[in-house]
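Summary of structural features
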Amino acid sequence: MRLSKMFGKTLREVPADAETVSHQLLLKAGMVQQVAAGVYSYLPLAWRSLRKIEQIIREEMNAAGGQELSMPVLQPLEIWEESGRDFAFGKGLFTLKDRRDRRLVLGPTHEEVITDLARRNVRSYRDLPLMLYQIQTKFRDEPRPRGGLVRVREFTMKDCYSFDIDEEALELSYQKMKEAYRNIYARCSLEAVVVEADSGAIGGKDSHEFMVIAETGEDEVIYCGDCDYSANVERAECAKSHLEEEALLPMEEVATPGARTIEEVANFLGVTRDRTLKAVFYSADGELIFITIRGDLEVNEVKLRNALKCSELRLASDEEVKEAGLVAGSASAVGLKGIKIVADDSINLGQNFVVGANKPDAHIKNTNYRRDFKVDIITDIAQAEAGHRCPRCGGELRSTRGIEVGHIFKLGTIFSQKQAAFYLDRDGNQKPMVMGCYGIGLGRLLAAAIEQNHDEDGIIWPVPIAPYHVYLCALGVDDQQVVSVSEKLYTELEENGIEVLIDDRNESAGVKFNDADLLGMPVRLVVSKRALKSNSAELKMRRDRESELVPLDEVADRLKELLG
RNA sequence: CGGGGUGUAGCGCAGCCAGGUAAGCGCGCAUGGUUUGGGACCAUGAGGUCGGCGGUUCAAAUCCGCCCACCCCGACCA
């Protein structure tokens, strides 16, 4: 490709909107352009890179036994009602009506359609295992797109679905996919770590995310400094301290004027925060929920959402709290009626807690779960944080940020049950297929690759996903020899299967070098009067500082060797 | 949805507070010339619904109201 003809120009100044490195570089390099919030056009350079990523994924999916197909973006709302996920996705679902007023959705994912396909076509255990995938556009009406290509509303995703006869077979498919994913990231020269994850709106049991560690990542990863435990903070657990056993004491009301926060109450009464129970109020799909958790811990809203199985969850407003007759700052589950109570299991890890008295400026000492109050749900809803103890080995937990570049789930029979996707086993019994699903966001992968491979001058493409291999820089295009040699090299390299972007523009050396660094092709090859004096071209790897002179007739071989 | 911010040429910005000269600057773009190893220089030129609608006024980029778009934080989110 000739730079003089290529669509998409590099910018000297970065559009003010871009915050993250990958977003800035993608814009500055003229690779993407925003059309609306979270909606982008991919210009030729970005598209080439994306196609390479796509091909790598396709090859690995095929190698793992996947069969590629294509399902529609446009889907009837009914199948979403059938699975119940119109509710789970809520406002994230793009919906529309056709001319006959039929309600349609733009698919955010394809479990429903694939399950429908499976139930129509799979009859027998002999048809299983089955692994199907597609590389398709998804639509999600994200509340807030951000970070350039990291979180968008329209994006390309590889989504793969496995169908097995039982959990054991699913485990095999799952491991196969995990391996395929590792291969994909390795082939893209990306370092991705596997973490335990929440399965979110997709549903299901086990789930793992592949994270590219990056400061600008939108996910927080909790990991152990001593063992290999790592999990998305949404799902991460911690070993909660167990207070010393003591005899239950009678409840005692004490005046606590002005003390409202856990901090204030603990200080006022001279106890540590873990001797108190805090109260938090949420609104879950419009219903007010009372949450109680030990004072030294915070509520993890994802865990809470899962416990409640609700769609919309938010902190209750002051008005809602007041309306429910609750006394913010002095509330507790003691004597509370007519409101759903969810507790963190930490309320069991100690005795004689300080709680609110449900009237202003008063608290109750020596309160104990079961004896003094009951709850509707008790489970782990605590947020794990850096500094907490590892649930596996007791080591210290740490925190970092990452970009989620892949997510795999064991769905089990959630969809096959709801959508009646059954098969007949060896003994003639009807059973639901056991499913898994496996996604990779391509654009996000591209962004993550840039986050992980750049310097202050621009992108440093890993060879396998670089738009072109070589940036052939013809320096001094008014010199006949420079032009003829660089054109000859261009043709020769292309004939050898090397992808070349030739900078044939009439620009100064500075401009060309800067663009070469910005666009970040793995190899820069300079043809200039200076180099031609020794009948050579100057070769420099993007990631290196030094260049070397390579005799013209050896360039092609040298490059083949370098690009391997 | 809550909080904060921004909208003036392709990109980056000034002008707005305190209404009034002819809507400016840098980069980029076009033409000509001089340059040519790390974002050159000179000259000439093209390019604008000042986000939109309405209001106030003799007069609005500037003041007021409503709306829209986009960005950031939060909420939310494979």
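Now for a quick tour of the structure. (Residues numbered from 1 in each chain as written. Chains lettered and ligands numbered in written order. Predicted model: local features only at pLDDT ≥ 70, side-chain atom pairs only at ≥ 80, totals over all residues. Heavy atoms only, no water.)

**As for helix 8 (residues 301–308)**
Note the following rule: In this scheme, a residue with accessible area under 20% of its type's maximum is buried, one over 50% is exposed, and one in between is partly exposed, where area comes from a 1.4 Å probe on protein chains only. Strands are runs of DSSP state E lasting at least 2 residues, helices are runs of H or I lasting at least 4, and numbering of each runs from the N terminus. Whenever two N or O atoms come within 3.5 Å, that pair is a polar contact, provided that in protein one can donate a hydrogen and the other can accept it, and provided that, for residues adjacent in sequence, both atoms are side-chain atoms.
Regarding helix 8, the residues found buried are Val302, Lys303, Leu304, Ala307 and Leu308. The N-capping residue of helix 8, defined by a side-chain oxygen 2.9 Å from the backbone nitrogen of Val302, is Asn300. Immediately beyond the C-terminal end of helix 8, within one or two residues, lies Lys309, with a positive phi of roughly 55 degrees.

**Considering the pairing of strand 8 (residues 154–164)**
Where we set the bar: What makes two strands pair is DSSP finding at least two bridges between them.
Summarising burial for strand 8: ten of the eleven residues are buried, a large majority. Sheet topology places strand 7 (residues 130–139) next to strand 8; ten bridges connect them, and they run antiparallel. Bridge pairing in strand 8 places Gln134 opposite Asp159.

**Observations concerning the packing of aromatic side chains**
The test is simple: Aromatic contacts are taken between Phe, Tyr and Trp rings whose centres are within 6.5 Å, Trp giving its six-membered ring; a plane angle under 30 degrees counts as stacked, one over 60 as edge-to-face, and the others as tilted.
Per the stated rule, a full pass over the model turns up nine aromatic pairs. Ring centres of Tyr174 and Tyr438 lie 6.3 Å apart, and the angle between their planes is 50 degrees; on these two criteria the pair is classed as tilted. Residue Tyr174 is found in helix 6 (residues 167–187), and its partner Tyr438 is found in strand 24 (residues 434–441); the two are separated by 264 residues along the sequence. By the burial criterion, Tyr174 is buried, and Tyr438 matches it. On the numbers, 5.4 Å between centres and 35 degrees between planes, the contact of Tyr185 with Phe210 is tilted. On the criterion of sequence distance, the pair formed by Tyr185 in helix 6 and Phe210 in strand 10 (residues 207–213) is long-range, its members being 25 residues apart.

**Concerning the packing of helix 1 (residues 21–28) against helix 11 (residues 442–452)**
Rule in force here: Axis geometry follows a simple rule: fit a line to the C-alpha atoms, using only the stretch in contact for helices, then measure angles between N-to-C directions, giving values from 0 to 180 degrees. Any angle that is under 35 degrees is reported as roughly parallel, and any over 145 degrees as roughly antiparallel; angles of 65 to 115 degrees are reported as roughly perpendicular and all others as oblique. Here, residues are in contact when the closest pair of their heavy atoms is within 4.5 Å. Throughout this entry, Asp, Glu, Lys and Arg are counted as charged residues, while Ala, Val, Leu, Ile, Met, Phe, Trp, Tyr, Cys and Pro are counted as nonpolar. The remaining residues, Gly among them, count as polar.
Where helix 1 meets helix 11, the axes come as close as 8 Å, and the angle between the chain directions of the two elements is 100 degrees. Classified by the interaxial angle, the pair formed by helix 1 and helix 11 is roughly perpendicular. Residues Val21, Ser22, Leu25 and Leu26 of helix 1 form the contact with helix 11, whose own contacting residues are Leu446, Ala447, Ile450 and Glu451. Here the contact of helix 1 with helix 11 is built from residues that sort into six nonpolar, one polar and one charged.

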